[in-house]
Amino acid sequence: MLRGRSLSVTSLSGLPQWEVEELPVEDLLLFEVAWEVTNKVGGIYTVIQTKARTTADEWGDNYFLIGPYFEQNMKTQVEKCEPTNDAVRRAVDIMNQHGCQVHFGRWLIEGSPYVVLFDIGFSAWKLDRWKGDLWEACSVGMPYHDREANDMLIFGSLTAWFLKEVTDHADGKHVITQFHEWQAGTGLILSRARKLPIATIFTTHATLLGRYLCAANIDFYNHLDSMHKSDVTVVVFFIMPAKTNNFNVETLKGQAVRKQLWDIAHSVKEKFGKKLYDALLRGEIPDMNNILDRDDLTIMKRAIFSTQRQSLPPVTTHNMIEDSTDPILSTIRRIGLFNSRTDRVKVILHPEFLSSTSPLLPMDYEEFVRGCHLGVFPSYYEPWGYTPAECTVMGIPSVTTNLSGFGCFMQEHVADPTAYGIYIVDRRFRSPDDSCNQLTKFLYGFCKQSRRQRIIQRNRTERLSDLLDWRYLGRYYQHARHLTLSRAFPDKFHVESTSPPTTEGFKYPRPSSVPPSPTGSQVSSPQSSDVEDEDEDERYNEEEEAERDRLNIKSPFSLGHVPHGKKKLHGEYKN
């Protein structure tokens, strides 16, 4: 039986039960090592952060995260405290006494896990010695001027040293250590070379491998101008960090104009509200022709005129250091998308992570995603893909591919992903040109949806969020921990070498109502977004459809099955 605080997936309708022998977590220590612990660089940070609460609930105070120390991150994200575990406390003290700076505290995220942070720069004086240790361990050398490789060697050496001190004082407790991505790989290599008594797991997020696989420069951006065929104006945001030297002056001016418009609108609204209130107090219906006087109209006209600019709106919010070689900017120049008045596609490149403290886009990532209509992530290689998963949880449709883990996962679990707002581009069996054309059709079809169709689709998208809950996904981590313990300590731990149960037969069914997005069975030019189908109210009921989904999920789904007493609607089960 599972422990009382162990993970359970029974609350997620239709998921197969997975019974495992409980792990004696009181006699174990679990460490996860990643360069992005408290240090947001990319998707690995999201993995660690979102999984922390589920893991902390299972492991309690025997769960620790290991990462690099950065002063600003420590000040804003970590609450300092003393280790309560004796082995960890001794390891921290010994390393600090031998010329290192090791910081300990609680990461202020859900679950509040303990973190051990190493100051990389403070220990750089040992770099040459640690390069020698790595060469002796595996005959791998480090380039002298490669700052990133040197930092990872220091980080890995400190990790291996820390784990040795922990195991030396563990008092019989067994240690599981999970290493994330190549940045933590040196620590794994050194731990194995020194034969530390730990059970190890390595998770490759394949960020570096993906860059090399994508080096063919297959160009999706060339097809952005195809959206000109639509009557809808599309605003495309590219959010990705790049090297910049300052904000774009025109962008700052635009932000100032926006603030001026906001202030004027509020002042006119207050004046309007006061006049309306006074009229109602007198028992009169105000004359709307007189509620705004000449001065109000003058102020509003001046505000409108102030928005006019002599040049085109900037494509990027910052001044890019490598402007001439940036692949996105180069493609935008080549296809001529310069945000002119006639462009149906407007482009904004924001080369930094979103933050509520930004003077340009003062909002967090979650707020930004919820304000979008569609997320587009046509990855050539991505073992999972957190960005489309985040969109799904927030009810935002997204584009992914069948070469990403997320796309394959949705194909396995959802009978008709497109109906649920998951557009899967075929990059595995189609040529690059065909894949680009398929992406173009997806985007064009989405732009032609009516507002009601988009609402229906968003409701369906959000219903998939249970699939992405760590209560479900976390069981694969559970299995990995069982497996590594059985291999590292076979005399004390045993587990069947089988994976968690598959979800064969577990699929979200095709929605019973008319597909919310244009399909091949419909006319090639769907109705405009401003026109509504009067029959849609009769064909779609959100609560009824959601309940029908929940009922159908509980049993294996057959593509040809229609529940008893229900007629096929026009267009149903068509792709």
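Each chain carries its own residue numbering, running from 1 in the direction its sequence is written. Local features in this predicted model are restricted to residues of pLDDT 70 or higher, and side-chain atom pairs are both shown and tallied only at a pLDDT of 80 or more, whereas totals for entire chains, interfaces and linings draw on every residue. Heavy atoms from the whole structure form the basis of all side-chain values; hydrogens and water molecules are not counted.

Undergrad: Got a minute to help me understand the overall build of the protein in this structure?
TA: Per the secondary structure count, the protein includes 18 helices and 14 strands. Here's how the labels work: a residue is buried when its accessible area is under 20% of the maximum for its type, exposed when over 50%, partly exposed in between, all with a 1.4 Å probe on protein chains only. Among the 575 residues that make up the protein, the fraction classed as buried is 47%. Working definition of accessibility: Shrake-Rupley area with a 1.4 Å probe, residue cover restricted to the visible protein chains. In the form shown here, the protein has an accessible surface area of approximately 30200 Å², with 52% of it arising from carbon and sulfur atoms. Only runs of H or I of at least four residues qualify as helices and only runs of E of at least two qualify as strands under DSSP, and these elements are numbered from the N terminus.

Undergrad: Would you explain the packing of helix α5 (residues 147-168) against helix α6 (residues 185-193) in this entry?
TA: Two packed helices can be described by the angle between their axes and the distance between those axes. Every axis in this analysis is a line fitted to C-alpha atoms, fitted for helices over the stretch in contact. Angles between the N-to-C directions lie between 0 and 180 degrees. Packing of α5 against α6 brings their axes to within 7 Å, and their N-to-C directions diverge by 45 degrees. Taken together, the axes of α5 and α6 lie oblique to each other. In the crossing of α5 with α6, the sense of the turn from one axis to the other is right-handed. Packed against α5, whose contacting residues are Met152, Leu153, Gly156, Ser157, Ala160 and Leu163, the element α6 presents Thr186, Gly187, Leu190 and Ser191 at the interface. Roughly parallel means an angle under 35 degrees; roughly antiparallel means over 145; roughly perpendicular covers 65 to 115; every other angle is labelled oblique. It is the rotation of the near helix from the far one that decides the hand of a crossing: anticlockwise by less than a right angle makes it left-handed, clockwise makes it right-handed. Throughout, a residue-residue contact means that at least one pair of heavy atoms, one from each residue, lies within 4.5 Å.

Undergrad: I would appreciate a short explanation of the pattern of salt bridges in the present structure.
TA: What counts as a salt bridge is simple: a side-chain nitrogen of Lys or Arg found within 4 Å of a carboxyl oxygen of Asp or Glu. Under the criterion given, the structure shown has 23 salt bridges. Among the ionic pairs, Asp293 bridges to Lys275, the shortest N-O distance being 3.6 Å. One end of the pair, Asp293, is in the loop between α8 (249-281) and α9 (294-306); the other, Lys275, is in helix α8, and 18 residues separate them in sequence. Classification of Asp293 as partly exposed rests on a relative accessible area of 26%. If you follow the salt bridges from partner to partner, you end up with Asp86, Arg89, Arg90 and Asp93 in one network.

Undergrad: How should I be thinking about the environment of Gln49 in this particular structure?
TA: By the secondary structure assignment, Gln49 is in helix α1 (residues 43-59). Through-space distance from the C-alpha of Gln49 to that of Ile109 is 7.0 Å; in sequence the pair is 60 residues apart. Apart from the residues within four sequence positions on either side, Gln49 is in contact with Trp107 and Ile109.

Undergrad: Looking at this structure, I do not really get the sheet that holds strand β6 (residues 174-180). What am I missing?
TA: Strand pairing in a sheet is mediated by backbone hydrogen bonds. Such pairs are either parallel or antiparallel. Here, strands pair whenever DSSP counts at least two bridges between them. Taken together, seven strands build an open sheet; the order of strands is β3-β4-β5-β2-β1-β6-β7 and the sheet is mixed. Whereas interior strands pair on both sides, the edge strands pair on one side only; in this sheet they are β3 (78-80) and β7 (198-203). Looking at each pair of strands side by side, their axes are set apart by 30 degrees on average, direction ignored. The pairing of strand β1 (residues 28-33) with strand β2 (residues 63-68) spans four bridges and is parallel.

Undergrad: Would you take a moment to explain unusual backbone geometry for this structure?
TA: Glycine aside, residues mostly have negative phi angles, and peptide bonds mostly take the trans form. Notably, Thr38 is not glycine yet its phi reads approximately 60 degrees, a positive angle. Among the structural elements, Thr38 can be located in the loop between β1 and α1. Overall, Thr38 belongs to the buried group, its relative accessible area being 1%.

Undergrad: Hey, could you run me through the nonpolar core in this one?
TA: Taken as a class, soluble globular proteins show a tendency for nonpolar side chains to be buried jointly. Throughout, nonpolar core names a set of buried Ala, Val, Leu, Ile, Met, Phe, Trp, Tyr and Cys residues whose side chains join them through atoms within 4.5 Å. Phe31, Ile66, Met95, Phe118, Leu158, Phe162 and Val166 are the most contacted members of the largest nonpolar core, which has 38 residues in total. The element best represented in this core is α5, accounting for 10 residues. Excluding residues within four positions of it along the chain, Leu158 makes contact with Met95, Cys100, Phe118, Asp119, Ile120, Ser123 and Trp130. Grouped together as the second largest cluster of nonpolar side chains are 27 residues, Ile44, Tyr45, Tyr69 and Ile109 included.

Undergrad: What am I meant to see in the pairing of strand β8 (residues 234-239) here?
TA: Sheet faces and side chains relate simply in a regular strand, where the side chains alternate between the two faces. Side chains of β8 alternate between two faces, with Val234, Val236 and Phe238 buried and Val235, Phe237 and Ile239 left unburied. Pairing geometry for β8 and strand β11 (residues 345-350), over six bridges, is parallel. Looking at β11, one finds that Val235 is bridged to Lys346.

Undergrad: Would you explain helix α15 (residues 451-462) in this entry?
TA: What sets the pattern is the α-helix's 3.6 residues per turn: residues three or four places apart point alike. In this model, α15 (12 residues) spans 17 Å end to end at C-alpha, consistent with the 16 Å of a helix rising 1.5 Å per residue. When α15 is considered as a whole, its buried residues turn out to be Gln453, Arg454, Ile456, Gln457, Arg460 and Thr461. Taken end-on, α15 shows its buried residues confined to a sector of 160 degrees, consistent with a single buried face. In this analysis, the expected span of each helix is defined as 1.5 Å times one less than the number of residues it contains. Directions from the helix axis toward the C-beta atoms define the arc.

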